[in-house]
Structures are given as C-alpha cells and as structure tokens.
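Structural overview for review
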Amino acid sequence: MSKYRKMAALNPSAFLRRCAAPVAALLACTALQASAEIVYHEDFEGDPAKWPISVIYRGAEPGKWIHVPSKEAAFGRRALYLEASDEAQWMFLLADIPAERLHGRKIRLTAWCKSDFPVKAEIGLAKGHSYSAGPGKVGIKTTEGNGWERIVVEGERAPGEMVSLAAGIGYGATGACMLIDEVTLECADELPPLPELKAPGTNFVEMRRMRSQRRRFDALADSYRRDAALGLPVDGELLKRLVTAQENYRKESLTPADAAVIAACRQYALEARLINPSVEFDVDTPVSAKTEPEVDVTMPVNGYEAKILLVRNHSGRTQYFRPRWEAKNAPAPQLRRMIPVEGFFDAMPPLPFDSVFEVADGETKGIWIDLRSRDLKPGIYRGTLVLTPLDPAAVTELRVPVRQAVAAIESPKELPVAVFNWDYGVTKDQADYEFLRKARVNVFHVNCGNDAKEAVNWEKSNLKQVLDQVDANGDRGKVIFFLENWFTSAADKWNGDLDNYYLQLAAYMKSRGYDYDQWIVHCFDEVLSDKFLNAAKNIKRLDPQIRIFSDPPPANADQLRPFLPYLDYFCLGSWFLQEDAKNGNQALELLRSTGKPLWIYECDSQPRHPLDNYRRMALNSLQRKWDGFTFWSLTGLQFRHASITPPAGVVNYGMTYLDENAVRYPSRRWALWELGVDDYALVTALREKGIDVDGEIRAMYGTKGAVALDDAMEAFKKEKLKAFVPVEK
C-alpha cells in the first residue's frame, strides 16, 4: 500500500532558467569534455506542490510525514526538508524518467544532502522499474553525516529501459530527517568527470531538524556536565560548545555553529580508547572523545596479545551494539565481555560476533580483545572490529582498525619448564583439556581421592581418565602428572593400605608406559612435619624412584635439611621466599644446592587483588631461573566457591569461571598469567635464535607495577621482532 504524488511535467526551458551553480558548473564541464544530457533537475526553488514526494509503507498507514521547503539550503534560497514519522516507511523525492527521454547507456544521479542519520538518508537509481517497485536497483548511496554532502550514484542502462531516481529516507528510520538540494540526473554514452564543488550553505537553521535531535543532544550535554561536576576529566572546549548550543536552543537563537554541534552530537555520544591488559578501570573511567582507537600488535608465530577497548556512553540511554569482524584473510580476534566481580572487571565470558553488547548511559564498559597467531604464516594481517549500534540514530558506528604483525620466528608450543595451575582433574573434559593446553599448561592435576583402598581401582579412577585423555590428544611425553591424595596425611599412622597403594601406583603407571620422571606424588600440603617425613621415608622404602612433591611453609635451612634425601620437587610460595629473604636466603641456597627442581607459586588469587603478580610470574621464573611456576587454583573448590557471585562470606580463589552450561572461561587474572606464559615462550624462541635478551629481562623484571610491565613487554616485542616481520605487500 502506498501514497504517491505524480511527477510534475518536465519543462526544459523553465528548468534551464532556474539552473543554479551546480548545474552551471556541470554545463561548463560538459562543454569542454564529453557531453551529458541533464534529463532531470530539481533545485526546490519552485512550487512545492509539484515536488514528486512519495511515501511507501507497510502495514497500517503511518503517522503524519513532513516534507516541506526549508531555508537551510546548500545552494540558492531553499531545499527540501523530510522527516520520517514511522519506521515502517520510505519517504522519497521519486521520479520516473521514460526511456524516450534517455539518450545514452550511462546514467548518473547527483544530489546534495544533509542528514545526521547516516545509512538512512540515501539516494538511489533503478532501471526498468519504478524505484518504489523494488527490483532493478542500479545503486544506493547514503550520507556520512558530515554537513552538506554531494552524493553520487552511477550505473548503466540498456536501450529502451526507463530509469527511476529517488532521494530521501530509507526504511526503519523513525524520527530521521534530512535536507535535499540540487537533484540532477545525467545520461550519456560517456559521462564527464564531476567538477569540484563545495556547498556554501545558508545562515538559516532548520529548527525542525534540530527538534528531532533535541532529546539526544540534551542527554549528551547533560552527560558531559555530569562528568565535569564529578570532577572527571572532560574535553573543556567541547563542553563549552555543548552548553552554548544548549542555551541558544532554549532561546531559539541557534547559530549555524550551534546547529553543527547539535547535528554532530551522535559522534560525541560515544567515546572509545584502547588500553593495555593490566590497566585498571571502572564504570566512571573517563575516555577522551578525541581518541581514535587502533590495535597495532607484533607477535611471533604461536603468539598471544591482548588489548582492552573502553567504550563510554553519553547518549542518555543504554546503548546496544552488535560486534562484527571485517577482513578478507585476517584471523578474527576473540572478544570477551568484562564483568565486575567484587567491584573489579574480572570475569570474561565470550562475546561472540553478532551477539549484543550493552553500555549503560554515563558508564564505561570494557571489551577484552584476544589476538593469537597459532600456526599463522608470518605476515601483516589487517581487519576492522566494528561495533554496530542497534540505535544508529543515537550513536555512531564504532570502527577499530586492527593490524596484527606476525614475525617469522616461532614461539614453542611447549615450554622447557613446568607450567601448572592446580586444576583438580578437569582435564577429563575435552574442552577444559584444550583450554589448559592452549595456555601451554604441561602439568595436569589428578585427584586420587580420600581412600587408599578405593584409589587402586584403576579402571574407575580419575587417573585412568586423565591418562586416557592425554593419549587421545597425542600429548604423551609432553605433560607430567601431579598425583594428589589426602589419605596419606589423614592416616593416623603408616599402614598396609598405604604400602599397597604406592606399590600398585608405580606398577600401574609402568603398565601405562609412563616412567617415573613423568609423574609426581603430592601427599602433604604446606607442612614440614614429622608425620610427613615418616611418610616420605616409607614411600622411598617401597620404591626409591617415586618422586615426592612438597610446597613447604616458610622454613629455615635446619628445618629443611632432614627432608632433602626424601623429597624431589619443591614449590616455594611467595611467603616462603619473603621470609627466607629476611634470613639471607639461606633456605633457598640450600635447596638450590641439591639441584632438584624448584617451582614458585601463589596461593591467594582474588579479583580485588593487585594485578602485578600474574604476568610477572613467568618473568620472575626467567630472571631467577625457576624450574616451574603455578597459581592455586584453576577453579574454586567446594569450600572456595566458583560462581561469579559467591555467597556472602565465601571467597572465590578460582582463576576461571563457569557459565550456566559449565563451560569454562577465563578471569582477567588468568589471561594476564597466560600472557606471561607467552612472554616466556617468546624469550625461549629468541634465545634459540642466538639473540641475547638478558639485559632486557633484567630491566623488565625491575619495572614497578603491572601496567609498566605491559608497556615494557610491548616495546620489547616490537623491537626484537621487527627484523623478522615480512614487508607488507
């Protein structure tokens, strides 16, 4: 169903008499070059009743639509003002040109348009049918929202084909408005180039156009006022212009400069900038409107980098965006929401492309951007991350260029040190297995239970399931197994069940083809007691080759010395090292003198804790030559709740979270720890190339704070890898 005003009869002599500057320029141009016939022109200086306005709609008849003359013109004295009243409609200046008036195979439609609703304000050409009929479209172009713009659509037609032109507001644009001036259709076998022109415009401001933006402009101005009142840094010059325009609007004394500010309010409604992964932020963090975010990272093959995109909303209402990825052959990054836990943006569930991401009015939100180069060929990869608003009339589309330089140097997928995160047997699940292996984890935890008699039922054991999973993934020989049991420490005294368990354990691992150097026993936690010493002696009595692990509490050299003949691995917490440093590092020197593997670990990991420990742990291992590093733990236990919102009084010590389907996703803390693992891999690759990096590692080790380490590592990567980055073609 539609309402349609027929096109006024075209009078060539009258048309030539009212030719304005653009037409005169076209005539001058065509006189010197290939000629083109101007078969339609409208400058809106004549009778509005003769302007061919069409409204096409679906369903019920829409509300009142506006199409009136306006003194805000590109050229001359008047232009056409259009304003849509309903989203299910199109409103066009629409003209059908019969085939007999067209002499040439090429056609060109030119119009000067002004609209603050890009994508919805458009011009278009159709051939063989009226534009309102749908088929036969030659092309459509839309405004960009930058004042008066000359929009051009060109195409070709076959002999005998009619042509239909349209300029107006597209479908789904409730409240959208636009100005149209100097609509011209040319036809020729060869079209001359268009002359350079700039619309002078008029000093008149179309108040109806301003009214259509009043609410969102006031929301924008009020948002900036609010930030300034809260003491947040704002663009002072922009705030001044917003306040001036707001006051002049209320006085109905708008100047063109004021109108320009109001018209451009969409571009100020969103602010965005990129920060490095350790930078802290909250919902009130200011974002500079002048910032144009662009991701530019350098990494080796099998590398990992991350950035955070901050988005701040000043539009006056919650805005929703649909993220998408534009690229020809560049790998898409993985996006993650950043959800506050205990007041800190820590939980990071996936944000799939074409899902929805929301930012409340007056708030800042972050999107974590994961960039990886696993098995990528060296080269420069470019793409664009696009956040498309679901309300394009209120805010602009956000486009973030992404440049990922992959150097011709390959980081190893396996590290020469132990990489561990107490996972409590989650590797039985394939998705969790892949989650850990992607992060280069090479030590798998196995919960061997609380009962020595039941533990030897290998066919039903957690151990069998983990071993089977490793074999199924082809990782035999790449990982070691951390076998923890609680029945050894819980037993009142050493007994026959314990004898049987350890003998059968060694036999079972041998039957599965695993040597002693591929598994470790953990049977006492954070103690150096007589009971532990006696248990270690008994295990070595049964089989001296069984390797025993200890994560001792702070202790001096004399306390450690009796255990040294029986323990094979030591994992030193930061509290152990801090206390030992007060005693001149005597305990550490004793442990190093044994030549046995020394790991380091952190136990307490909560969202509210400083972020410095996570990425820095791997650097600490490089600088101090530890044999492994670990955080406790991957996930919360029954007594350490794993949900995003744990019950009151329950602390979440997990480094990861589970969604409603029990699918694991990282915390920000885990991602930073994984970045550190990747840093270690890069240093390993550089050293294999014979590149000395010891000085840089010392300098980075000496940085203060997580943010400084991010910055230093980013500079280190770009400097050390630049010689290996292929020249962009």
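It should be emphasised that the depicted structure is a prediction, and the values quoted were computed from it without experimental measurement. The residue numbers shown here count from 1 along each chain, following its written sequence. Under the rules for a predicted model, residues below a pLDDT of 70 receive no local features and side-chain atom pairs below 80 are neither given nor counted, while totals for whole chains, interfaces and linings still include all residues. Heavy atoms throughout the structure, all of them, feed into the side-chain values; hydrogens and water do not.

**Description of helix 17 (residues 612-624)**
- With 13 residues, helix 17 should cover 18 Å at 1.5 Å per step; its first-to-last C-alpha distance of 17 Å lies within 8% of that length.
- Note on classification: 1.4 Å probe, protein chains only; a residue is buried when its accessible area is under 20% of the maximum for its type, exposed when over 50%, partly exposed between these limits. Note on conventions: DSSP H or I runs of at least 4 residues are helices, E runs of at least 2 residues are strands, and numbering of each starts at the N terminus. When helix 17 is considered as a whole, its buried residues turn out to be Y614, R615, R616, M617, A618, L619, N620, S621 and L622.
- Packed against the buried residues of helix 17 are strand 15 (304-313), strand 30 (598-602), strand 31 (628-631), helix 18 (668-688), helix 19 (694-701) and helix 20 (706-721).
- Count one or two residues on from helix 17 and you reach K625, which has phi positive near 60°. To estimate how far a helix should reach, multiply one less than its number of residues by 1.5 Å. Contact criterion: two residues are considered in contact whenever any of their non-hydrogen atoms come within 4.5 Å of each other.

**As for the pairing of strand 23 (residues 398-410)**
- Bridge analysis of strand 14 (residues 295-301) against strand 23 gives seven bridges, and the strand direction is parallel. For T298, the partnering residue across the bridge sits in strand 23 and is A405.
- Pairs of strands are assigned from DSSP output, requiring at least two bridges between the strands. For strand 22 (residues 379-389) and strand 23, the ladder comprises nine bridges, and the chain directions are antiparallel. Among the inter-strand pairings, G383 is bridged to a residue of strand 23, identified as V402.

**Description of the state of the cysteines**
- Two cysteine sulfurs form a disulfide in these notes if their separation is within 2.5 Å. Tallying each qualifying case throughout the model produces zero disulfides.
- Counting only cysteine sulfurs, C177 is the nearest neighbor of C113, a cysteine outside any disulfide, at a range of 12 Å.
- Using a relative accessible area of 0% as the deciding quantity, one classes C113 as buried.
- Distance from the sulfur of C448, which forms no disulfide, to the nearest cysteine sulfur (C523) is 11 Å.
- Note on C448: relative accessible area 13%, which makes it buried.

**Brief notes about the sheet that holds strand 15**
- Judged by pairing direction, the sheet is antiparallel, and its four strands sit side by side in the order 13-15-21-17 without closing on themselves. Pairing within the sheet leaves two strands with one partner each, and these edge strands are strand 13 (270-275) and strand 17 (334-337). Within this sheet the neighbouring strands show an average axis-to-axis angle of 25°, counted without direction.
- As judged from the nine bridges shared by strand 15 and strand 21 (residues 364-372), these two strands associate in the antiparallel manner. The partner of I308 across the bridge, within strand 21, is W368. To obtain each axis, a line is fitted to C-alpha atoms, and for helices this fit is confined to the stretch in contact; angles are then taken between N-to-C directions over 0 to 180 degrees.

**Some points on the pattern of salt bridges**
- A pairing counts as a salt bridge when a side-chain nitrogen of Lys or Arg comes within 4 Å of a carboxyl oxygen of Asp or Glu. Summed over all chains, the structure comprises 46 salt bridges.
- Between R440 and D678 there is a salt bridge, with the nearest N and O atoms lying 3.2 Å from each other. Highlighted residues: R440 in the loop between helix 8 (430-438) and strand 25 (443-447) and D678 in helix 18, separated in sequence by 238 residues. For the residue pair R440 and D678, the accessibility class agrees, reading buried in each case.
- Residues R561 and D558 are paired through a salt bridge, measuring 2.9 Å at the closest nitrogen-oxygen approach.
- Note on R561: relative accessible area 42%, which makes it partly exposed.
- Residues joined by salt bridges that share partners form a network here, namely E305, R440, R615, D678, D679, D710 and K717.

**Observations concerning the packing of helix 17 against helix 20**
- Axis separation between helix 17 and helix 20 bottoms out at 9 Å; the angle between their running directions is 45°. Here helix 20 runs oblique to helix 17, going by the angle between their axes. Crossing of helix 17 over helix 20 shows left-handed handedness. Touching D612, R615, R616 and L619 of helix 17 are A706, L709, D710, M713 and K717, all from helix 20.
- Classification convention: Asp, Glu, Lys, Arg as charged; Ala, Val, Leu, Ile, Met, Phe, Trp, Tyr, Cys, Pro as nonpolar; all other residues, Gly among them, as polar. Its residues placed into classes, the contact of helix 17 with helix 20 shows four nonpolar, no polar and five charged. The labels follow the angle: roughly parallel below 35 degrees, roughly antiparallel above 145, roughly perpendicular from 65 to 115, and oblique for the rest. Here a crossing is called left-handed whenever its near helix is offset anticlockwise from the far helix by less than a right angle, and right-handed whenever the offset is clockwise.

**Details of unusual backbone geometry**
- Following W632, the chain continues into S633 via a peptide bond in cis, with omega recorded as 0°.
- Within the element layout of this structure, S633 appears in the loop between strand 31 and strand 32 (656-658).
- A positive phi angle, near 55°, is found at E526, a position not held by glycine.
- Relative to the assigned elements, E526 resides in the loop between strand 27 (519-522) and helix 13 (530-542).
- Located in the positive-phi region is N585, a residue other than glycine, with phi close to 60°.
- Position of N585 among the secondary structure elements: in the loop between helix 15 (574-582) and helix 16 (586-593).

**Focus: the pairing of strand 30**
- Taking burial as the measure, the five residues of strand 30 include five buried ones, the bulk of the element.
- Neither face of strand 30 is open: one carries L598, I600 and E602, the other W599 and Y601, and all of them are buried.
- In the sheet, strand 29 (residues 569-573) pairs with strand 30 via four bridges, with the strands oriented parallel. The residue of strand 30 that forms the bridge with G573 is Y601.
- Of the strand pairs in this sheet, strand 30 and strand 31 are connected by four bridges, and their pairing is parallel. From the neighbouring strand, W599 faces strand 31, where its bridge partner is G628.
- Taken together, strand 30, helix 17 and strand 31 constitute a β-α-β crossover, and its handedness is right-handed. Here the term right-handed applies to a crossover when the path leading from its first strand over the helix to its second strand runs clockwise, the strands being oriented away from the viewer.

**Let's talk about the sheet that holds strand 16 (residues 319-326)**
- Read across the open sheet, the five strands follow the order 14-23-22-16-20; overall the sheet is mixed. The strands lining the two open edges of the sheet, one partner per strand, are strand 14 and strand 20 (357-359). On average, each strand axis in the sheet is tilted by 30° relative to the strand beside it, whichever way the strands run.
- With three bridges connecting them, strand 16 and strand 20 associate as antiparallel partners. Across the sheet, F321 pairs through a bridge with F357, a residue of strand 20.
- The sheet strands contacting helix 20 are strand 14 and strand 23, and the helix crosses strand 14 at an angle near 60°.

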